[in-house]
Amino acid sequence: MSDRPILIEVPPRFRVVTGPWDAEVDERTIVLGKSHAFGDGRHESTRMCLQALASFAPRGGFRLLDVGSGTGILSIGAAKLGGEAIGVDIDAAAIAIAEENARRSAVEARVRFATTWPSGTFDVVVANILRDVLTELAPRIVARLAPRGTLILSGLVFTDVPELVARYSPLLAGRRPEIFERDTWRTLVWRLV
């Protein structure tokens, strides 16, 4: 295995580095250690979520809930945009990895990770996980979304879209999502503004 970092540009806002990084960490660089947790910036769904955050997250301070946080990449991205983030994951090992990645990325004061869901609502809720999990968690996810919030769902292939829209739209007053695509992968964004 090479000791050279993997560098991925995620326009318009982020650069993701996985591996050793001795350069100064700036406001656009997300630094991740090598791990088996999901979310290193190479997968289309992760890149689309980062792009959706860069495009749709409120300017200035905002709160983000990252459901299924994995490496913490999306929480870290939110912090790089000026937000405060809470990442939840059922895997305690992933939580430890995410905490270390937040430290590497110099945003540890703006993010935290837990295995239990926080209370309250959030300006942005993002979940980049499997269709079945997104379907099952729909009521819990929507309950955490602020009345004028943004919901970003990913980890989906094009055949998942009808089922997810049918599940979430009734919970969101019948609103339809914007659908973004890269190859067979899809990201759904509901903006309740």
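Residues numbered from 1 in each chain as written. Predicted model: local features only at pLDDT ≥ 70, side-chain atom pairs only at ≥ 80, totals over all residues. Heavy atoms only, no water.

Residues and numbers for the overall build of the protein chain, please.
Each helix and strand in the protein chain was counted, giving 5 helices and 10 strands. Expected size for 193 residues packed as a compact globule is a radius of gyration near 16 Å; at 16 Å, the protein chain falls within 12% of this value. Along the three orthogonal principal directions, the C-alpha set of the protein chain runs to about 50 × 35 × 30 Å. The burial tally for the protein chain puts 53% of its 193 residues in the buried class. Relative to all contacts within the protein chain whose residues are 6 or more apart in sequence, the contacts with residues 24 or more apart total 63%. Counting only carbon and sulfur atoms, one obtains 53% of the accessible surface of the protein chain, whose full area is about 9000 Å². Here the protein chain contributes 24 positive and 23 negative side-chain charges, whose respective centroids are spaced 5 Å apart. (Helix = DSSP H or I, 4+ residues; strand = E, 2+ residues; numbered from the N terminus. Rg over C-alpha atoms; globule rule 2.2 N^0.38 Å. Buried < 20%, exposed > 50% of the residue type's maximum accessible area, 1.4 Å probe, protein only. Contact = heavy atoms within 4.5 Å. Areas by Shrake-Rupley, 256 points an atom, 1.4 Å probe, with all protein chains shown as cover. Lys, Arg positive; Asp, Glu negative; His and termini not counted. Charge placed at Lys NZ, Arg CZ, Asp CG, Glu CD.)

An account of the environment of Ala 93 is requested, with residue identities and associated values reported.
The residue Ala 93 is located in helix α3 (residues 92-104) in this model. The spatial distance from the C-alpha of Ala 93 to the C-alpha of Gly 70 is 9.1 Å, given a sequence separation of 23 residues.

Describe in detail the pairing of strand β10 (residues 185-191), supporting the description with residues and values.
Two faces, one strand: in a regular strand the side chains alternate between the faces of the sheet. Burial runs high along β10: 5 of the 7 residues are buried. Relative to β10, strand β8 (residues 145-157) is paired through 6 bridges, and the arrangement is antiparallel. Within β10, the position partnered with Leu 156 by the bridge is Arg 186. When strand β9 (residues 178-182) meets β10, the two strands line up antiparallel, connected through 5 bridges. Bridge assignment links Glu 181 to a residue of β10, and that residue is Arg 186. Between β9 and β10, which pair antiparallel in sequence order, lie 2 residues; one of them, Asp 183, sits at a positive phi of approximately 55 degrees. (Pairing = 2+ DSSP bridges.)

Mind laying out the pattern of salt bridges, listing which residues take part and the relevant values?
On inspection of all chains with the given rule, the structure shows 10 salt bridges. Among the ionic pairs, Arg 15 bridges to Asp 26, the shortest N-O distance being 3.1 Å. Of this pair, Arg 15 sits in strand β2 (residues 14-18) while Asp 26 sits in the loop between β2 and β3 (29-32), and the two are 11 residues apart along the sequence. Among the ionic pairs, Arg 191 bridges to Glu 178, the shortest N-O distance being 2.7 Å. You can see Arg 191 sitting in strand β10 and its partner Glu 178 sitting in strand β9, a full 13 residues away along the chain. Here Glu 178 falls in the partly exposed class, since its relative accessible area comes to 30%. Among the ionic contacts, a cluster of salt bridges with common partners joins Arg 131, Asp 132, Asp 160 and Glu 163. (Salt bridge = Lys/Arg side-chain N within 4 Å of Asp/Glu carboxyl O.)

An account of unusual backbone geometry is requested, with residue identities and associated values reported.
Here Pro 11 and Pro 12 are connected by a cis peptide whose omega angle stands at 10 degrees. Assignment of secondary structure puts Pro 12 in the loop between β1 (6-10) and β2. Backbone geometry places Ala 106, a non-glycine residue, at a positive phi of 65 degrees. Among the residues examined, Ala 106 registers a relative accessible area of 55% and is labelled exposed. Unusually for a residue other than glycine, Ala 173 sits at a positive phi of about 55 degrees. Inspection of the secondary structure puts Ala 173 in the loop between α5 (161-168) and β9. According to the relative accessible area criterion, Ala 173 is exposed, its value standing at 73%.

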